[in-house]
Amino acid sequence: MHTTQSWDFLGLDYYQQPSQQQGLLQKAKYGEDVIIGVIDSGIWPESQSFDDARYSPVPARWKGVCQDGLEWNATSCNRKIIGARWYSAGVSDEVLKRNYMSARDLSGHGTHVASTIAGGQVSNVSYKGGGLGAGVARGGAPRSRLGVYKVCWEGAGCDEAAILAAIDDAIDDGVDVLSLSLGGGAGVEIFGSLHAVLRGISVVFSGGNDGPVPSTVNNALPWVTTVAASTMDRSFPTLISLGNKEKLVGQSLHYNASVISNDFKVLVHARSCDVQTLTSSNVTGKIVLCYAPGEASVKPPRVALSDAIKLTVEAGAKGLIFAQNAANNLNDLNVCEGIMPCVLVDFEIAHRIASYWTRTGNPVVKVSPTVTVIGNRVSAPRVATSSSRGPNVAFPAILKPDVAAPGVGILAAIRDSYVLLSGTSMACPHVSAVTALIKSIHRDWSPAMIKSAIVTTSSLTDRFGMPIQAEGVPRKLADPFDFGGGHMNPERAVDPGLVYDVDAREYNKFLNCTLGLVDDCESYQLNLNLPSITVPDLKDNVTVMRSVTNVGPVEATYQAVFEAPAGVIMSVEPSVISFTQGGGSNTTFRVTLTAKQSVQGGYTFGSLTWSDGSTHSVRIPVVVRTVIQDFVADTS
């Protein structure tokens, strides 16, 4: 049963065989009584994912409320949704009239996020009940509790003052983890999130959906965990049969029996599918191929797809085959449902279809219903095209994003149904849930320790041992600006061996730097004890300090294994660190980076790994840009 494929893909098996060693889920008691605050668009309390049967009473430490409102009263909360608040100040009356003036979720976004984090097991679920991705749905920490804070409104977005008020209330209510799948774009920061971290609450943010363009990552503060989106081992292939018996494959969500035809239909190649071409081609009742590689650089694939769907539907077409030059998420295909099949293909497949159309006097095509494929036949993970990328424009010495997690084709609750959505909004709750599980086991760990554990144990390779790639134009090997430390590996994160801890008061110094209240900020930012090293302006050489805390066996010795960024000489002192019974659990080391040549260059990437030779391998990315002088762009 593979509906909750993302959690199975991450190795969090719900059912552990008696012969197997307990996994993270079992050790964490499925997140029992961890309280996760979700700051989003509200929740749909009637969804089966939030059934509270067989839950113990609400934890006594919970101080939250269940705020009344439109179609919401005290009974809308239960032992699963233990509290709910909503924030309408600053939202116009006109917008409020179109929304539920309560914690009830109109858009479905908050419900989808909350069920991904903490949804209970729900059997016999599939995409809109149509059979795609069928199986059991569940959240990553399915026994955890939810505090809901509605700050996002249809037609008005998410107000910053509301977000700050929600963070304040969540701190006082007693949440353990805060999950925020929202953001205002690169350079817009929620500094108030520091208050939660100062109180020991882990804060997890989505990284934004403006990729694959560099310097677009959102929510780039050092005290939060910022999440990139990746694919998983599930796809939805759709067979395209041409009249010459050639069979090709695209991707779609074509499940609706009412629009499936077993007949071949006339094929029309409408190139860019603009109004003029569609009008002159007479596409009524036909299947349209939109394939215009020459225009791919002018209009982003997502915009081009949205326009093509709208115009072909208006022109009376009965199907769309859309060619793209990069992996597109399937969200936009929802528009086609109940109207016609819409299939995404790459340029190579599109060229073969166009060639058939050119050579044939009466070209016809048939689109078969989509099927679900999971497992080893799907190459995954890859960083999603839309996932926002570094470098961090606001704080160049702070690497963002921190880590990647599944965020493409995630099936979770919306109202009384289950829907596939994609984006870093869907990746963020995966890290929030794993953060909750780790906190359940390590109650005394700080937010920085939990974040470090997730980042330093992340994977750089897929299940076949191949380096993880990042989708884009073109596809490339993923680097730290794509996925930070790598792709989250929950089972390794619970036992990292060493962690990079930060006294939360150190973040206050960082904040004062951003306000211009402290001198020598550059040195301070470089030496903030993060699980990464980023030097955006290496002129000659620099020495960076880091410290690690032993959270593994009391007796342990670690060897430094490092890969210097290209064009940089790197040294680590000491190169061996040891921990002994009765000795301290902390040790400090120095990393010196020296430019091989004086150039105004681009970023290069390396790594530093502390290895005990057996169980633990604690890796951080190292990112360096050599410069001749500050504030000169690499314009080569």
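Residues numbered from 1 in each chain as written. Predicted model: local features only at pLDDT ≥ 70, side-chain atom pairs only at ≥ 80, totals over all residues. Heavy atoms only, no water.

Enquirer: Mind showing me how you'd approach a nonpolar patch on the surface here?
Expert: Side chains of L515, L517 and V518 sit close together on the surface and give an oily, nonpolar patch of about 290 Å² of accessible area. By secondary structure assignment, the location of L517 is in the loop between α14 (504-514) and α15 (521-527). When its relative accessible area of 61% is taken as the criterion, L517 is described as exposed. (Patch = residues over 30% accessible without salt bridge, like charges linked within 9 Å, V, L, I, M, F, W, Y side chains within 5 Å. Areas by Shrake-Rupley, 256 points an atom, 1.4 Å probe, with all protein chains shown as cover. Salt bridge = Lys/Arg side-chain N within 4 Å of Asp/Glu carboxyl O. Helix = DSSP H or I, 4+ residues; strand = E, 2+ residues; numbered from the N terminus. Buried < 20%, exposed > 50% of the residue type's maximum accessible area, 1.4 Å probe, protein only.)

Enquirer: How should I be thinking about the packing of aromatic side chains in this particular structure?
Expert: When we look at a pair of aromatic rings, we describe it by the centre distance and by the angle of the planes. Under the counting rule described, the total for this entry stands at 14 aromatic pairs. Three or more aromatic residues joined by ring pairs make a cluster, and in this case those are W223, F395, Y507 and F510. Against the face of W44 rests R104, its NZ or CZ located 4.5 Å from the ring centre. Seen from the ring of W153, K150 lies directly overhead, with NZ or CZ sitting 4.2 Å from the centre. (Phe/Tyr/Trp six-rings, centres within 6.5 Å; stacked < 30°, edge-to-face > 60°. Lys NZ or Arg CZ within 6 Å of the ring centre and 35° of its normal.)

Enquirer: Please explain empty space enclosed by the protein as it appears in this structure.
Expert: Leftover empty space is mapped by rolling, across the atoms, a probe with the size of a water molecule. Within this structure, the stated rule accounts for seven cavities of 30 Å³ or more. Estimates place the volume of the second largest cavity at around 80 Å³. Looking at the second largest cavity, the residues that line it are L253, H254, Y255, N256, V259, L333, C336, E337, G338, M340, P341 and C342. Of the residues that constitute the lining of the second largest cavity, the class distribution is eight nonpolar, three polar and one charged. (1 Å grid on protein atoms, 1.4 Å probe; cavity = no way out; pocket = protein on both sides within 12 Å on 5 of 7 lines; lining within 4 Å. Points joined across faces, edges and corners; volume = space filled by probe spheres on them. Nonpolar A, V, L, I, M, F, W, Y, C, P; charged D, E, K, R; others polar.)

Enquirer: In this structure, what is going on with the sheet that holds strand β34 (residues 617-626)? I would like to understand it.
Expert: In any sheet, the strands associate via hydrogen bonds between backbone groups, in a parallel or an antiparallel arrangement. Here we have five strands laid out as an open sheet, ordered β27-β34-β33-β29-β31, and mixed in their pairing. Edge positions in the sheet fall to β27 (533-538) and β31 (576-579), since each of these pairs with one other strand and no more. The mean inter-strand angle of the sheet, taken between neighbouring strand axes irrespective of direction, is 20°. The pairing of strand β29 (residues 556-563) with β31 spans four bridges and is antiparallel. From the neighbouring strand, Q559 faces β31, where its bridge partner is V576. (Pairing = 2+ DSSP bridges. Axes fitted to C-alpha atoms, helices over the stretch in contact; angles between N-to-C directions.)

Enquirer: Could you clarify how one ought to interpret the nonpolar core in this entry?
Expert: Inside soluble globular proteins, nonpolar side chains tend to come together where they are buried. If you look at the biggest cluster of nonpolar residues, it comprises 89 residues, and the most contacted ones within it are L320 and I454. No other element matches helix α10 (residues 424-441), which puts nine residues into this core. Not counting residues within four places of it along the chain, the set of residues in contact with I454 comprises V403, V431, V434, T435, I438, M488 and A493. Core analysis: the next-biggest nonpolar cluster, separate from the first, contains 41 residues, V151, A196, A448 and A504 among them. (Core = buried A, V, L, I, M, F, W, Y, C linked by side-chain atoms within 4.5 Å. Contact = heavy atoms within 4.5 Å.)

Enquirer: I'm lost on the sheet that holds strand β30 (residues 568-573) in this one. Help?
Expert: Pairing is antiparallel in the open sheet, where four strands are placed in the order β26-β28-β32-β30. One side of each edge strand has no neighbouring strand; the edge strands of this open sheet are β26 (498-499) and β30. In this structure, β26 lies alongside strand β28 (residues 541-550), joined through two bridges in antiparallel fashion. Note on β28: the bridge partner recorded for V499 is T549.

Enquirer: Sorry if this is basic, but what is going on with the pairing of strand β22 (residues 410-414) here?
Expert: Look at any regular strand and the pattern is simple: side chains alternate between the two faces of the sheet. Counting buried positions over the five residues of β22 gives five, a clear majority of the element. Relative to strand β23 (residues 417-421), β22 is paired through five bridges, and the arrangement is antiparallel. Looking at the pairing, A412 lines up with V419 of β23. Following β22, the chain reverses through two residues before pairing antiparallel with β23; R415 in that reversal takes a positive phi of roughly 50°.

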